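Descriptive analysis of the structure
If you want the building blocks of each chain, they are given just below.
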Amino acid sequence: MRPPPTAQRRLALLAAALFAAAATFLSPGLAANAGEITIQAVSHKSPFNCSKTFWANNWIDSPAHSPQNTIDWQTYGSDAINGESVRATAGGTATFYNEGGTSYGKWVQIVHSDGTRTRYAHLDTMVGSVGTSRSVAQGTVIGTVGSTGGSTAPHLHYEQRSVSGSVVTPVVEGVQVPYGSKKAITSSNGCGGGNPYTPGEVCGSGYSQINTHALGTVGRIYLMYNASNGYNCVVTLKYTSVGTASAVSASLQVEGGTVARDSGNFAYYAGPVKKSAPNTCVKWGGSVGSTTWTSAWSHCG
C-alpha cells in the first residue's frame, strides 16, 4: 500500500467533503446517536504530546457523561494527565469558550476543513481569550488538561462531530473507539515531520493499536491487531524526510514461520505487513534510515 499521488489525494478529500455537505442538506434533522459514523476528509491524531499514551474511554451506562459516544482521556501507566498539553487533533479554526463552574468549563471547538468539528473540554488553561477565534494546525497546543466545569477529576473530554453537529464515533490515530469501549492510544501528534498518515489508515478498517516503539526522533513502529480475523499488522511511519523517498522498513514474524518484510525507499511509511497470528507469539519491528529495532517474542495470547 502506498500513498496516492497528491492530485488523487486532493480529489479524495474534496469528494469526502462534498459527500458530507450533501448528507447535511438532505438530512438536516439527523439526530445524534451512539452509533453514527460520518465520512471525514481529515485524519485525527491524539490530542497529546508525541509518544504519550492515554486511555480513550468512551463511557457506557454513565448518566453523568454527556453526550454519549464521546471520549474521556485518562491516565495510562506512569503518565500524569493533570496539566498535560492539549493539541489540536486536526487543523482548522479554533474558538475559545468558558462555561464557568458548569458543563464543559473552559473548552475549545475546532471547525475543520471538511466542516466537521472537535471539542476539548474541562481545560485548566487555554491559549486564546474567551470569544476569540484563531487558525490552528494539527498539533498546535490549544490549552492544558484540567477539571473545570462539571468535572470531578482532571481529564480531557473530547468529541468528534459531523457537519450537522451530531456526535459521531471517534476515530483517533486511525483507531475507532466505539461506544462502550476503552483503548490505550499512543500519540504521534507533534512528533515532527508532518506525516499525514496514521497506522490505522495504513492497516485498514478493523485494526486497533496494541503496541508501539519509537525509533528515536526519526519514526515509530506500530503493531496493530484485528480481533475479527486474528491478523496482526505492522507499519513504520517516518518522521524525517517525510514526502521524500528514503529507506524505511516494517517486519512481522509469527512464531514457527518466516519473517515478512516491506523494505525500500518510501515517502511516508513502510507496510502494511499482515499475518494471521491468533493466540501465537510474534516478533515485530522496522527501521528508518540506519535506526532499527525488532521486538522479542511477544503478544502470545
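Figured I'd write up the structure that's included with this text.

Rules and cut-offs
Residues numbered from 1 in each chain as written. Predicted model: local features only at pLDDT ≥ 70, side-chain atom pairs only at ≥ 80, totals over all residues. Heavy atoms only, no water. Pairing = 2+ DSSP bridges. Helix = DSSP H or I, 4+ residues; strand = E, 2+ residues; numbered from the N terminus. Axes fitted to C-alpha atoms, helices over the stretch in contact; angles between N-to-C directions. Contact = heavy atoms within 4.5 Å. Polar contact = N/O pair within 3.5 Å; in protein donor to acceptor, adjacent residues only side chain to side chain. Phe/Tyr/Trp six-rings, centres within 6.5 Å; stacked < 30°, edge-to-face > 60°. Buried < 20%, exposed > 50% of the residue type's maximum accessible area, 1.4 Å probe, protein only. Lys NZ or Arg CZ within 6 Å of the ring centre and 35° of its normal.

Right, let's talk about the sheet that holds strand 17 (residues 259-266) for a bit. Strand order in the open sheet formed by four strands is 17-16-19-20, and the pairing between neighbours is antiparallel. The open sheet terminates on both sides in strands that have one partner only, identified here as strand 17 and strand 20 (291-294). Looking at each pair of strands side by side, their axes are set apart by 5 degrees on average, direction ignored. Pairing of strand 16 (residues 246-254) with strand 17, which is carried by eight bridges, proceeds in the antiparallel orientation. Within the sheet, the bridge partner assigned to Ala 247 lies in strand 17 and is Asn 265.

A few words on the environment of His 299. Secondary-structure assignment places His 299 in the segment after strand 20. It is 8.8 Å that separates the C-alpha atoms of His 299 and Ile 210, two residues lying 89 residues apart in sequence. With sequence-adjacent residues up to four places away left out, His 299 is seen in contact with Ile 210, Asn 211, Leu 223, Thr 280, Cys 281, Val 282 and Trp 284. At a separation of 2.9 Å, a polar atom in the side chain of His 299 contacts the side chain of Asn 211.

What follows covers unusual backbone geometry. Across the junction of Gly 271 and Pro 272, the peptide omega takes the value 5 degrees, indicating a cis bond. Within the secondary structure, Pro 272 sits in strand 18 (residues 269-276). In the Ramachandran plot, His 122 falls in the positive-phi region, its phi being about 70 degrees despite a non-glycine side chain.

This part is about the sheet that holds strand 15 (residues 231-238). In spatial order, the strands read 13-14-15-18; together these four strands make up an open sheet with antiparallel pairing. The open sheet has two edge strands with one neighbour each: strand 13 (208-215) and strand 18. Strand-to-strand, the axes of this sheet are offset by a mean angle of 15 degrees, without reference to chain direction. Here strand 13 pairs with strand 14 (residues 219-226) via seven bridges, running antiparallel. Considered in strand 14, the bridge of Gln 209 is made with Met 224.

Let's shift gears to the packing of aromatic side chains. Following the criterion strictly, the structure yields ten aromatic pairs and no others. Here Phe 48 and Trp 73 contribute two aromatic rings whose centre-to-centre distance is 5.5 Å and whose plane-to-plane angle is 80 degrees, an arrangement assigned as edge-to-face. Separated by 25 residues along the polypeptide, Phe 48 in the loop between helix 1 (6-26) and strand 1 (53-57) and Trp 73 in strand 2 (residues 71-74) bring together distant segments of the chain. The burial state of Phe 48 is the same as that of Trp 73; both residues are buried. Taking 4.9 Å as the distance between ring centres and 70 degrees as the angle between the ring planes, the aromatic pair formed by Trp 284 and Trp 293 counts as edge-to-face. On the basis of relative accessibility, which here comes to 2%, the residue Trp 284 falls in the buried class. The ring of Trp 55 has Lys 182 lying over it, and the distance from NZ or CZ to the ring centre is 4.7 Å.

Counting buried positions along strand 1 yields four of five residues, so the element is predominantly enclosed. As paired elements, strand 1 and strand 12 (residues 182-186) share five bridges and run antiparallel to each other. For Phe 54, the partnering residue across the bridge sits in strand 12 and is Ile 185. Bridge count between strand 1 and strand 2: three bridges; the pairing is antiparallel. Looking across to strand 2, one finds that Ala 56 is bridged to Trp 73.

This part covers the environment of Asp 72. Positionally, Asp 72 belongs in strand 2. For the pair Asp 72 and His 157, spaced 85 residues apart in the sequence, the C-alpha separation amounts to 4.6 Å.

A separate point is the side chain of Gln 109. Along the chain, the position of Gln 109 falls in strand 5 (residues 106-111). A distance of 2.8 Å separates the side chain of Gln 109 from the side chain of Arg 119, its partner in a polar contact. Setting aside its immediate chain neighbours within four residues, Gln 109 contacts Thr 93, Ala 94, Thr 95, Tyr 97, Arg 117, Thr 118 and Arg 119.

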